[in-house]
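Observations on the three-dimensional arrangement
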Amino acid sequence: MTTTRRSLLKTVGAAAGLGVIGMPALAQGAAGRVVVIGAGFGGATTARYLKRLNAALDVTLVERDDRFITCPFSNYVVAGFRKIEDITHGFDGLTKAGVKVVKGEATAVDTTGRLVTLRDGTKLSYDKLVVAPGIELNYAGVPGYSEAASEKMPHAWKAGPQTLLLRRQLEAMPDGGTFILCAPGNPFRCPPGPYERVSVVAWYLKNNKPKSKILVLDAKDAFSKQGLFQAAWESEFPGMITWISGKDGGKVESVDPTSMTVKSGFGNETGAVINVIPPQRAGAIAQTAGLVAENGWCPVDPTTFASAKAQNVYIVGDASIAGAMPKSGSSANVQGKVVAAAIVAILAGKAADGPALLNICYSLVTPDYGISTTDVYQVNADKVIVTTPNSGGVSVKTPTALNERKLEAEYTVNWYKSITADTWG
Ligand SMILES: Cc1cc2nc3c(=O)[nH]c(=O)nc-3n(C[C@H](O)[C@H](O)[C@H](O)COP(=O)(O)OP(=O)(O)OC[C@H]3O[C@@H](n4cnc5c(N)ncnc54)[C@H](O)[C@@H]3O)c2cc1C
């Protein structure tokens, strides 16, 4: 884009106008200061694309951890065909892109004074704030479950020590034991995730402990890519996996980590390994900052992902209410680009373009058997994100001589390589 004297004057004029209402960096004549909370799929993408679209922006990214361990591919660590190092990403690529990465935890946001406070007392002022904290687990949503109980009955729904704990438990499980997975109701992070986990755990058990069984107790009556998953379970692991829907009693009523039992309408079940995935809500800082609706998630303007609760704040990724878009790394990455473009336009005094939204979710059933679902989205007249008719789709039902399942397994690996490079550099 060429900057003409006229467009420059327009930009400066707009910035000066915004400066009157107290935008710190803009008031000093700079391009603008953006603070991003969270260096996961949503936050890291936003930060990188902000710098890419306008190198003059001052972009500070606050992250409490030293590195990011992805949930995508963490199921393969549980099943033993990936290592935790394979899914761990540092932040050098972000620094190289000109993003200031600050290690710390955001504990408060003053949306009127445009100030973020970190646990160590540091204060960061902003013109625009991007909140991308991912999820908080609602342990109390499952009676008997707690953070302490997750040391015995892991959730492994945030990748890291919990992933490794579940892996160790699976390795220690006797042949002939039962692996129980308790799946939450909608909405939750990664709709196909529990069923991908069940698949690759079945692959591990089939090869190492073939007398074992898997029981899925589900709060829902249907799940993502259900037909494809269930057909794969039949063909790859006949008789090993039992799925109990919510209407058949699958909703968990309580868990007891001492006796390793799960109570549901289906009965009292004892497991050798029990994986409890509790309900979730937007990350804690979104709650503290007053950015959530009653349901625990953050309402946004779907064309820009601007918060419906506070001015100059944008919500990216799992924390947002994004209509038909699933809570996925793929969605968070796309939303990050939408937000970066919107902020760059708005800081330059222009209107944000309408977003292009899409999601693709690959899942492996075995290392050589992949399936996927893709969707394109649009904002409808009611300002809700809906699926675009006649777009997207799922994997072929019956593979042809091309061996689509094997090809999709390769695409899965390549998707991971490209999205992680796009997000963290
Ligand atoms: C088992 C599993 C498998 C999955 N597989 C896939 C897949 O194949 N494809 C896919 O697209 N998605 C997948 N997902 C979903 C994907 O992991 C999430 O949707 C994605 O991580 C959401 O991105 P986010 O930026 O919203 O949150 P996150 O990626 O979780 O990032 C949030 C970041 O914010 C930081 N943070 C939070 N609060 C603060 C604070 N107050 N101060 C500083 N830092 C803070 C956190 O430390 C974290 O680094 C999977 C999820 C699971 C659980």
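As a starting point, this report considers the structure included with it. (Residues numbered from 1 in each chain as written. Predicted model: local features only at pLDDT ≥ 70, side-chain atom pairs only at ≥ 80, totals over all residues. Heavy atoms only, no water.)

Looking only at helices and strands, the chain has eleven helices and 25 strands in total. For the chain, the C-alpha radius of gyration of 23 Å lies close to 22 Å, the compact-globule estimate for 425 residues. Along the first, second and third principal axes, the C-alpha atoms of the chain reach 75 × 50 × 40 Å. Put simply, the chain has 425 residues, and 53% of those count as buried. Considering only contacts within the chain whose residues lie at least 6 apart along the sequence, 66% involve residues at least 24 apart. (Helix = DSSP H or I, 4+ residues; strand = E, 2+ residues; numbered from the N terminus. Rg over C-alpha atoms; globule rule 2.2 N^0.38 Å. Buried < 20%, exposed > 50% of the residue type's maximum accessible area, 1.4 Å probe, protein only. Contact = heavy atoms within 4.5 Å.)

The interhelical angle for the contact between helix α10 (residues 329-347) and helix α11 (residues 404-424), taken along N-to-C directions, is 35 degrees, at an axis separation of 11 Å. Crossing hand, α10 versus α11: left-handed. Within the contact between the two elements, α10 uses G329, S330, N333 and K337 and α11 uses W415, I419, D422 and T423. Its residues assigned to classes, the contact of α10 with α11 shows two nonpolar, four polar and two charged. (Axes fitted to C-alpha atoms, helices over the stretch in contact; angles between N-to-C directions. Left-handed = near helix turned anticlockwise from the far one by under 90°. Nonpolar A, V, L, I, M, F, W, Y, C, P; charged D, E, K, R; others polar.)

The interhelical angle for the contact between helix α6 (residues 161-172) and helix α7 (residues 193-208), taken along N-to-C directions, is 35 degrees, at an axis separation of 11 Å. α7 is crossed by α6, and the crossing has right-handed handedness. Contacts between α6 and α7 involve L166, R167, L170 and E171 from the former and R197, V201, Y204 and L205 from the latter. Its residues placed into classes, the contact of α6 with α7 shows five nonpolar, no polar and three charged.

Taken together, 35 residues sit near the ligand, with G42, E63, R189, D318 and S330 positioned nearest. Here an oxygen atom of the ligand and a backbone polar atom of F41 are 3.3 Å apart. A distance of 2.6 Å separates an oxygen atom of the ligand from a polar atom in the side chain of E63. Protein contacts shield 96% of the accessible area of the ligand, which totals 1,000 Å² for the unbound molecule. When residues of the shell around the ligand are assigned to their parent elements, the largest contribution, three residues, is made by α10. Of the residues assigned to the shell around the ligand, the class counts are 16 nonpolar, eleven polar and eight charged. Counting the residues that make up the shell around the ligand, at least three belong to each of domain 1 (26-137 + 281-353) and domain 2 (143-276). (Near = heavy atom within 4 Å. Polar contact = N/O pair within 3.5 Å; in protein donor to acceptor, adjacent residues only side chain to side chain. Areas by Shrake-Rupley, 256 points an atom, 1.4 Å probe, with all protein chains shown as cover. Domains from an automatic or database assignment.)

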